[in-house]
Each structure stands twice: as C-alpha cells, then as structure tokens.
Amino acid sequence: HHYPIHYLGNPTAQEVRDFLASDKHGLGRTGEKAIIALLAGSRKQEIKDNLPAMIEPTRHLVDRYDIVLAGAPSIPSEYYEPFLKGSSVRLVMNETYPLLARAVAALVTSGTATLETCMFRVPQVVCYETPLPWLIGRLRKLVLSVKYISLVNLIADREVVTELVADTFSVANIRHELEKILPGGSARQRMLDDYEEVHRRLGESDAPDRA
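Small disclaimer: the values here were computed from a predicted structure and weren't measured. (Residues numbered from 1 in each chain as written. Predicted model: local features only at pLDDT ≥ 70, side-chain atom pairs only at ≥ 80, totals over all residues. Heavy atoms only, no water.)

Caption draft 1: Structural context of the overall build of the chain. Secondary structure assignment for the chain yields 10 helices and six strands. The proportion of buried residues among the 211 residues of the chain is 46%. Long-range contacts, defined here as pairs at least 24 residues apart, represent 69% of the contacts in the chain between residues at least 6 apart. Element-wise, carbon and sulfur atoms account for 52% of the exposed surface of the chain, whose accessible area totals about 11,300 Å². (Helix = DSSP H or I, 4+ residues; strand = E, 2+ residues; numbered from the N terminus. Buried < 20%, exposed > 50% of the residue type's maximum accessible area, 1.4 Å probe, protein only. Contact = heavy atoms within 4.5 Å. Areas by Shrake-Rupley, 256 points an atom, 1.4 Å probe, with all protein chains shown as cover.)

Caption draft 2: Just the environment of leucine 69, in detail. With respect to the element layout, leucine 69 can be found in strand S2 (residues 65-71). Considering only alpha carbons, one finds leucine 69 and leucine 84, 15 residues apart in sequence, at a separation of 9.4 Å. Those residues in contact with leucine 69 that sit more than four places away from it in its chain are Leu38, Ala40, Leu51, Tyr80, Leu84, Val89, Arg90, Leu91, Val92 and Leu99.

Caption draft 3: View of helix H9 (residues 188-202). With 15 residues, H9 extends 21 Å between its outermost C-alpha atoms, agreeing within 8% with the 21 Å of an ideal straight helix rising 1.5 Å per residue. Where H9 is buried, its residues contact helix H1 (11-21), strand S4 (103-109), helix H5 (112-119), strand S5 (124-128), helix H7 (151-156) and helix H8 (171-181). Looking at the residues trailing H9, positive phi occurs at glycine 203, about 75°. (Expected span 1.5 Å × (residues − 1).)

Caption draft 4: Spatial organisation of unusual backbone geometry. Of note in this structure, histidine 2 is not a glycine but carries a positive phi near 65°. Looking at the secondary structure, you find histidine 2 in the segment before H1. The phi torsion at asparagine 94 lies on the positive side, around 55°, for a residue other than glycine. Relative to the helices and strands, asparagine 94 resides in the loop between strand S3 (90-93) and helix H4 (96-102).

Shown next as structure tokens:
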C-alpha cells in the first residue's frame, strides 16, 4: 500500500533483555535436574489441541529432566489439571521468563513465545496442531504468502527452528526433533548459532521508547 515503514526494533526482544539484566531469575521449587519447558499457548483451544501431544514425547525423559509447563496468565490453573493427570509435568503460573531462563530446551506452540524462547537462547521445537491436518498441509503451500509460521524463522527468513504444523504434527515427530536439540543432540549447537543471526536482526534498540 506504499506506506513508509520504519523498523525501530522489537518490544518483546527488549522485554527479554530487561529481564535478563534484572535479578528476577528465580523459579519456585527447583531440583538438580535440567528443565524442559512446555509453552502450550495462551488460549484454551490451543492448549487442548497441543498440550497432550507435547507431554507425551517427554515421558521417557522424566528421569533426567524436570518437565515444566508455563501456565498462561489468562488461563486458570484448574484448566490444566486434566491434561497433567498421570504425568510428571509440573505447572508454574506467571513465571514464563524465569522458566525460560533456566530451561535447556522447549516445546513451543507458535506465537510470541517462539521469539521469547529464542531471545533466551533455548533450543525449541515449534508445535501447532490444526484440524484436517492433511488438507491444511496442502493448502498452506498454496495459500500462504509466507514460508514459515514462527517469528524466529520469519525474522531469519530461513528455517532456524523446526515447525511441526498440520500434517507434520505428531508425537513421534515431536519426540524425534526434541531429542535432536537436547544437550548432546545433533541439531542443538546449530540452532544456538542460528539464534545469533536473529538477535543481530532484531538489534539492540529500545523499540517502544524510540517509537
């Protein structure tokens, strides 16, 4: 539409930098195990669609890792209880940044959380289930004008993080990709290196004040 656009930076990136510069890194009860973070979205339908398939691939890891779910501020903790029953996942409310500050890997539903996870330099797998996955998978290639759904890949303009969406979303695929980004995994260091390009593209400016 020929509007003059001036990019001044990203407010989420600045919020993460401000947090990391503070001393607010506590996360309630912590143990000796490293943490895998689950960020399942901020809407009930997202959580319902994605969380069960995000929990399942972590069951074999509970001896080595503390699996922690970030509760969304707009969702009551009681809503999560049926999904967590019978699992070792623990829920923390309103502590997403402290969680990411301590996590070694994350499963993330697409949204702002993908960028936040990148800013904390936590390797991640992006997961997003859709209805009619095979149809959506085909339509996505024909209809969408962008190649990616995660902010990380959109900013980098290439695949930095794996996106398991529509026909690629499955427990088996999530488990496979998660194993690759855990400490010692084959894709972990490459993703951390690629994150630096996203950080450079975002810049260091205080975007809200400049705007």
